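Examination of the molecular architecture
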Amino acid sequence: MPQYFGKLQTTEQPWSIIGSVQSIDKTDSLRDSCASRTIHFNCTNSSLNISILAPNLIRVRMSPNPPQLGRARGHRPYKGEEEIIDQPPLNKGGLGGVESRSHSITVPDEEWEIIPFEVRETDEKIEIETSQILISVKRDRTSIECFDKSGKPFASDCDPSMGWRTGATAGWKRIEADEHFYGFGERTGFLDKLSEVKTNWTTDALDYNSLTDEMYQAIAFYIAMNPDRAYGIFFNTTFWSQFDIGAEKPGVLRMETRGPELDYYIIYGPEPAQILATYTQLTGRMPLPPKWALGYHQCRWSYESEDVVRELAKEFRDRAIPCDVIHLDIDYMRGYRVFTWSPKRFPDPAKLIADLKAAGFKVVTIVDPGVKYEPEADYEIFDRGVENDYFVRTAEGKLFHGYVWPDKAVFPDFLRPEVRQWWGELHKTLTDVGIAGIWNDMNEPAIAERPFGDGGEHISFPLDAPQGPESDRTTHAETHNLYGLMMAKACAEGLQKVRSGERSFVLTRSGFAGVQRYSSVWMGDNQSQWEHLEMSLPMLCNMGLSGVAFVGCDIGGFAGNATAEMFARWMQVGMLYPLMRGHSAMSTAQHEPWVFGDRTEKICREYINLRYQLLPYIYTLFWEAATTGTPILRPLLYHFPRDRTTYHLYDQVLLGPSLMAAPVYRPGVEHRAVYLPEGTWYDWWTGECYQGPMHILAYAPLERMPLYVRGGGIMAIEPVRQFVSEEPLESLKMRIWPGSGEWTLYEDDGHSFEHEQGVWATTNYKVYLEGEKIIVEIAAREGQFLISEREVIVEVVGVGEQRFTDDGTVRRLTFG
């Protein structure tokens, strides 16, 4: 294109395209017994491996011959000033060399159970067939096509199919008719990402908006759906990578990485639930958090002193607003030095935390990766790190430094196991005084080139800075996206050691695929704007569709001042967030529930109370996420994948399988359109019954967020408590809506790891119609967890209720 508006002409470097298949490596025994998982394709200029890992899961790896070893684009050397040491050589990777550094994968290829598949050859193609899918590889241009059992295509290559150029490899997939795209990790904007470009490179996304691309999290996974099938792709690269979902060329999806090979997994559904079950089997599932972490969290940058924190706790209890957790931001530290306490603002943290514990509060402290550069100052964290060479260095061997809260700072190399162990054990300085959880921040990493108060540019580690153990040394170009993940891993593993026998809460801002194994995630520094309230639901739903279930946004907005109306509406939405935390910045007005006046305080109390009433239901959803990878907060398309109307529906969500919310996210709105999918739906507040699919106009005054329950929905509800462990659970209500449904209640002690040894209990509830009667069947309780004597009230909404003393035996109740 000619020069325009001062922009100079550029010529795009051409792609080298994979050549034709010359032969494949297999034996007769492969065809008969499938003793091998992988078929190797010898192509004219490259190598291609296809591994069959499960009936619905294949891995595709393509590498040029020989593997390209060029330096990643964007390389910029850094001129440091500290001491220089010799650096060991780097591991260059290539096909087969990256396997040991696959930090996201929990089940290596060789650990998948061998499954039967058939290989067939013709002059035109090679076919591989499992019990669920057919993979066809064309010989002439080495392109992959996938088909379901009915012959419908999915995840099929375009022409060209795969290629490379200096510093990059790429693959091109065909976007089928009526196909829509979800997931991609932490993303702003609407739910469906068709016709957008999504870059995977962790960054401090301060002041993000609906058009922001790079975010705090980098999760290169997506789900593609149309009404009769769905599949997922996990792009297994830690380098900078990008998806172009039909933006440059409609009908074509390009996935590109600055790594030396193309490596991705294809997961067939045909529905989102099966895709996520397989994806989280591959990348891991969240551990079951302590039950108190599901309560309300209160945070601010900053509750700057012990006196302020005590007054905050007193306000919650005096006003009877439930709260379980208080977060301490950076001002609890001495001069922002990690793992220290300010002797002036927090002179006796152990006593403060003990007093808070007595009042039912847990305390979570922030920890940043930047360690203050302070030689000869008796700062033990810095001294030990330098002594053991635990901090990141440049390629020239200089100690890398940047500027964060403590000013000049150095940064641990979390890619090294010994550094993670050291860092994890440092948390003992916090847990010894009673800290129950850790909040990892600034770990993209977020660094400035000069002191924060002086402005300046954000920088990162030099892309050629060596990281990782000497036996597997690589560069920051490959490990940048892993930094937050590895910090979260160090924290989670450290807390498990230093808080022996007790589950801990971990929160992180940055992460990568598999971050769910170590930490919950919040969506970073949002703003007190109606648009950010609206955007929070698709952001959290897409995180759930990316395997990360324990997620939340700052209620009220972090930056800026919320109005009373906005805060009330945000608290209603926040009741649905898996992580329910209010947070605000130091430059803003206070954002606690009572500062906006009596009306807003009453609304906040009502919806936080509702959250606590629903905790048995929500805790069961967390158990499902921990065991199957199921999201906690779900877009409607998750349960209604055949309903096209749900594909763009971003402003209604399901909390679990039964409870649907249609929040209000604009000022002055008291009515809104609500879509009710197929089936029977009941208004939570009035009990009014609707038969979907249909649209209704819902009345939503400020005090009411529209809520609906599916017919046959079953929910466990407990009495309101001011904190999770305030008193034993002596009464449990099972609310059941007429229809046909089934649900299993999960219970354990909520704080220990005994559930991992079978000390848990599940009770299955089933409701159905028998003539004009409604039957509720309660199965015998399973598991080793002992339930104290309690009353169970079974309420069939609009019909009646029955009560009994729960002894765990089989029961059959008749209503109507």
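Residues numbered from 1 in each chain as written. Predicted model: local features only at pLDDT ≥ 70, side-chain atom pairs only at ≥ 80, totals over all residues. Heavy atoms only, no water.

Below, the discussion takes up the sheet that holds strand 22 (residues 325-328). Spatially, the 9 strands line up as an open sheet ordered 35-34-32-27-23-22-21-37-36, and their pairing is parallel. The sheet terminates laterally at strand 35 (551-552) and strand 36 (554-555), the two strands that pair on one side only. (Pairing = 2+ DSSP bridges. Helix = DSSP H or I, 4+ residues; strand = E, 2+ residues; numbered from the N terminus.)

Right, let's talk about the pairing of strand 18 (residues 241-245) for a bit. The buried count for strand 18 comes to 5 of 5 residues, which makes it a mostly enclosed element. The alternating pattern of strand 18 places S241, F243 and I245 and Q242 and D244 on opposite faces, both of which are buried. Two strands pair when backbone bridges link them, and strand 18 and strand 19 (residues 252-257) are joined in this way by 5 bridges, in the antiparallel orientation. For D244, the partnering residue across the bridge sits in strand 19 and is R254. (Buried < 20%, exposed > 50% of the residue type's maximum accessible area, 1.4 Å probe, protein only.)

Neighbouring strands of a sheet are bound in pairs by backbone hydrogen bonds; such pairs are parallel or else antiparallel. Read across the sheet, 4 strands follow the order 44-45-49-50 without closing on themselves; strand pairing throughout is mixed. Strands at the two margins of the open sheet, each flanked by one partner only, are strand 44 (714-717) and strand 50 (800-805). For this sheet, the mean inter-axis angle between neighbouring strands, taken without regard to orientation, is 20°. Strand direction decides the pairing type here: strand 45 (residues 731-736) and strand 49 (residues 791-796), joined by 6 bridges, are parallel. Opposite M734, over in strand 49, you have V794 as the bridge partner. Contacting strand 44 and strand 45, helix 13 (residues 615-628) runs over the sheet at an angle of about 115° to strand 44. (Axes fitted to C-alpha atoms, helices over the stretch in contact; angles between N-to-C directions. Contact = heavy atoms within 4.5 Å.)

Glancing now at the pattern of salt bridges. The final tally for this structure, using the stated rule, is 57 salt bridges. Close ionic contact of E145 with R174 constitutes a salt bridge, the shortest N to O distance being 4.0 Å. In this pair, E145 sits in strand 9 (residues 144-148) while R174 sits in strand 12 (residues 168-174), placing the two residues 29 residues apart along the sequence. Classification of E145 by relative accessible area gives buried; the value is 16%. (Salt bridge = Lys/Arg side-chain N within 4 Å of Asp/Glu carboxyl O.)

This part takes up a negative patch on the surface. There is a patch of like negative charges on the surface, built from D123, E124, D140 and D159. Within the secondary structure layout, D123 lies in the loop between strand 6 (118-121) and strand 7 (125-129). Note on D123: relative accessible area 71%, which makes it exposed. (Patch = residues over 30% accessible without salt bridge, like charges linked within 9 Å, V, L, I, M, F, W, Y side chains within 5 Å. Areas by Shrake-Rupley, 256 points an atom, 1.4 Å probe, with all protein chains shown as cover. Lys, Arg positive; Asp, Glu negative; His and termini not counted. Charge placed at Lys NZ, Arg CZ, Asp CG, Glu CD.)

Ranked by size, the top nonpolar core spans 195 residues in total, and within it W423, W684 and V794 carry the most contacts. A per-element tally of this core places helix 9 (residues 483-498) first, with 9 residues. When neighbours within four sequence positions are excluded, V794 is seen to be in contact with M734, I736, V776, I778, G800, E801, Q802, F804, L813 and F815. Judged by nonpolar contacts, the second largest core, of 43 residues, contains I52, I115, W164 and F181. (Core = buried A, V, L, I, M, F, W, Y, C linked by side-chain atoms within 4.5 Å.)

Right, let's talk about the packing of aromatic side chains for a bit. Evaluated as defined, the whole model comprises 47 aromatic pairs. Pairing F550 with F622 gives two aromatic rings, centres 4.9 Å apart and planes at 90°, and the pair type is edge-to-face. Placement of F550 in the loop between helix 10 (530-544) and strand 35 and of F622 in helix 13 is noted, with a sequence separation of 72 residues between them. There is no split in this pair, since F550 and F622 are both buried. Grouping aromatic residues by their ring pairs yields a cluster made of F339, Y373, F382, Y390, F391, F400, F411, F414, W422, W423, F461 and Y483. Directly above the aromatic system of W439 lies the positively charged group of R581, at a separation of 4.6 Å from the ring centroid. (Phe/Tyr/Trp six-rings, centres within 6.5 Å; stacked < 30°, edge-to-face > 60°. Lys NZ or Arg CZ within 6 Å of the ring centre and 35° of its normal.)

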